[in-house]
Amino acid sequence: MEGPSRYYLTSIKDLPEDCLNFIFQRLDCNSDRESFGLTCHRWLRIQNINRRFLQFQCSFTQLDVSSLSQTSPTISSFHLNRLLTRFQLLESLSLSGCTELPDSGLTPLQDYGSRLQTISLDCCFGITDKGLSLIATGCPLTVISLYRCNITDVGLQNLAKSCSALKDVNLSYCALISDHGIRALSQKCSQLRAVSISSCKGVSGVGFSGCSPTLAYLEAESCKLGPEGITEIVSGGGLEYLNVSNLRWCITGDGLAAIGAGLGTKLRVLNLRMGRLVSSESVAAIAKGCPLLQEWNLALCHEVKIPGWKAVGENCHNLEIIHLNRCRNLCDHGLQALRDGCRQLRIMYINGYYQVSVAAMEMFKWSRSDVQIKEEEITIVPNWPFR
């Protein structure tokens, strides 16, 4: 006769860690993930090793009206060390808004940044070339944002040397950099995809000479670019998005014609807003040389006259969106050229048209009922990491 049956009670706590990890990864609610980690130390460890992204509350991507008056928390080397020890598999870290963070605060990244691919240091005013070197030597970065940081060409050179796999680099408002630092990035980072140099007054554009054909997005608003710099910016031949708005201080005559000289054939979005000295010749060259253009911002381009508008109408067969706000020399004949051409056009932003008659505008609306006329003035927002 067999002995009595033996029953074994198994608790969920007895599950192996790979099973617990599988369960955690299936939780799609943040509150459930936090509750999971509060169960016990073992489950907290499972939660910690699954964290890939860490963002401090002061980060600008999380700002709201109520937080604008709050002071940034002081993040020290001690704080980062504790966090990086806890979350050892981080792939993305945002320290944006940590205005008091010193270079020494980044020291733990040398020991715990081996998986870190993305870092944001926007408005970290205490970070200099020394801190940037700590990051570069400790992290296999592909994305870095240094908006308003006090870094120089030396820091960029060290960054390019150690992080040759960089794809996206935000240098907006980095007042201490020049073409020498940009040249280091262009020559050593062969996978560059997106670069922002907006409001970098020391950059003329010549540092992009021989840039990688992978460079598809470039923000260069309010830069002092010269004709040679424009030529080098498009030298890679891969640009799809280009913002060179507000260049009224430097570019004159046909200085922008290089965009349409054969290397802008992939360009789909072009922002020339506030190009008050952009000429009809430049516009005509771009219209002929950039056949894939889908959106073109020519707002406040006062020197574009009938020949320029005719060139747009005759050559921009893929143009879907055009911005014509406050163009002083857009007249009835120019509007007619756009009306008769640009057969793919679906949105036209226009207001403040001084030389366009009511009759011409009504004729446009009647014959091109497929085009939405919008009077607001908007900013082109690309779909890339820095937005």
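Residues numbered from 1 in each chain as written. Predicted model: local features only at pLDDT ≥ 70, side-chain atom pairs only at ≥ 80, totals over all residues. Heavy atoms only, no water.

Assigned secondary structure in the chain consists of 13 helices and 13 strands. When the 387 residues of the chain are sorted by exposure, 50% land in the buried category. Partitioning the contacts of the chain with sequence separation of at least 6, the portion at a separation of at least 24 is 72%. Carbon and sulfur atoms make up 51% of the accessible area of the chain, which amounts to about 18600 Å² in all. (Helix = DSSP H or I, 4+ residues; strand = E, 2+ residues; numbered from the N terminus. Buried < 20%, exposed > 50% of the residue type's maximum accessible area, 1.4 Å probe, protein only. Contact = heavy atoms within 4.5 Å. Areas by Shrake-Rupley, 256 points an atom, 1.4 Å probe, with all protein chains shown as cover.)

Our next topic: the confidence of the model for the chain. Segments scoring low in pLDDT should not have their predicted coordinates read at a detailed level. On average, residues of the chain carry a pLDDT of 86, and 79% of them reach 70 or more. Contacts from residues 61-70, a stretch scored under 50 in pLDDT, to residues over four places away or in other chains number 6 contacts. (pLDDT = per-residue confidence, 0-100.)

Attention now goes to the pattern of salt bridges. Counted by the stated rule, this structure contains 7 salt bridges. Two residues, Glu320 and Arg346, come together in a salt bridge whose shortest N-O distance is 3.3 Å. Taken together, the residues span a long stretch of sequence, with Glu320 in the loop between helix H11 (306-315) and strand E11 (321-323) and Arg346 in the loop between helix H12 (332-340) and strand E12 (347-349) at a distance of 26 residues. What makes Glu320 partly exposed here is its relative accessible area of 25%. Looking at Arg346, the relative accessible area reads 38%, which means it is partly exposed. Close ionic contact of Asp340 with Arg339 constitutes a salt bridge, the shortest N to O distance being 3.2 Å. Accessibility expressed as a relative area gives 17% for Arg339, which makes it buried. Via salt bridges that share partners, Arg273, Arg326 and Glu377 belong to a single interconnected network. (Salt bridge = Lys/Arg side-chain N within 4 Å of Asp/Glu carboxyl O.)

Direction vectors running N to C along helix H7 (residues 153-162) and helix H8 (residues 179-188) enclose 5°, while the axes themselves pass 8 Å from each other. As far as their axial angle goes, H8 and H7 are roughly parallel. Contacts from Asp153, Leu156, Gln157, Ala160 and Lys161 in H7 reach His180, Gly181, Ile182, Ala184, Leu185 and Lys188 in H8. Here the residues of the contact of H7 with H8 sort into 5 nonpolar, 3 polar and 3 charged. (Axes fitted to C-alpha atoms, helices over the stretch in contact; angles between N-to-C directions. Parallel < 35°, antiparallel > 145°, perpendicular 65-115°, else oblique. Nonpolar A, V, L, I, M, F, W, Y, C, P; charged D, E, K, R; others polar.)

Where helix H10 (residues 280-289) meets H11, the axes come as close as 8 Å, and the angle between the chain directions of the two elements is 5°. Relative to H11, the element H10 lies roughly parallel. Here H10 contributes Ser280, Val283, Ala284, Ala287 and Lys288 to the contact with H11, which in turn contributes Pro307, Gly308, Ala311, Val312 and Asn315.

Of all the residues in helix H13 (residues 358-367), the buried ones are Ala360, Met361 and Phe364. Looking straight down H13, one finds that the buried residues subtend no more than 100° of arc, so they occupy a single side. Facing away from the buried side of H13, by more than 90 degrees, are the exposed residues Val358, Ala359 and Trp366. Of the surrounding elements, those touching the buried residues of H13 are H12, E12 and strand E13 (372-374). (Arc of directions from axis to C-beta.)

Here we take up the packing of aromatic side chains. One pass over the full model with this rule turns up 2 aromatic pairs. Ring centres 5.6 Å apart and planes at 75° place the aromatic pair Tyr147 and Tyr173 in the edge-to-face group. Taken together, the residues Tyr147 in the loop between strand E4 (143-145) and H7 and Tyr173 in the loop between strand E5 (168-170) and H8 connect sequence positions 26 residues apart. Taking relative accessible area as the criterion, Tyr147 reaches 24% and is therefore assigned partly exposed. With a centroid separation of 6.2 Å and 35° between ring planes, the pair formed by Tyr217 and Tyr241 is classed as tilted. Taken as a pair, Tyr217 in strand E7 (residues 217-219) and Tyr241 in strand E8 (residues 241-243) lie far apart in primary sequence, 24 residues in all. Over the ring of Tyr173 we find Arg148, and its NZ or CZ is 4.1 Å from the ring centre. (Phe/Tyr/Trp six-rings, centres within 6.5 Å; stacked < 30°, edge-to-face > 60°. Lys NZ or Arg CZ within 6 Å of the ring centre and 35° of its normal.)

The next point concerns the nonpolar core. The tendency in soluble globular proteins is for nonpolar side chains to be buried as a group. Membership of the largest hydrophobic core comes to 96 residues, with the highest contact counts inside it found for Leu95, Leu171, Ile259, Leu272, Trp296 and Val312. Residue contacts for Val312: discarding those within four places in its chain leaves Val283, Ala287, Trp296, Leu319, Ile322, Leu338 and Cys342. (Core = buried A, V, L, I, M, F, W, Y, C linked by side-chain atoms within 4.5 Å.)

Attention now goes to the side chain of Ser178. On the secondary structure map, Ser178 appears in the loop between E5 and H8. Judged by its relative accessible area of 17%, Ser178 is buried. At 2.4 Å, the side chain of Ser178 and the side chain of Asp153 are in polar contact. Leaving out residues up to four positions away in the same chain, Ser178 has contacts with Asp153, Gly202 and Val203. (Polar contact = N/O pair within 3.5 Å; in protein donor to acceptor, adjacent residues only side chain to side chain.)

Right, let's talk about unusual backbone geometry for a bit. Backbone geometry places Arg148, a non-glycine residue, at a positive phi of 65°. Here Arg148 falls in the partly exposed class, since its relative accessible area comes to 33%. Phi is positive for Arg326, which is not a glycine, with a value near 55°. Secondary-structure assignment places Arg326 in the loop between E11 and H12. Overall, the relative accessible area of 31% leaves Arg326 in the partly exposed class.

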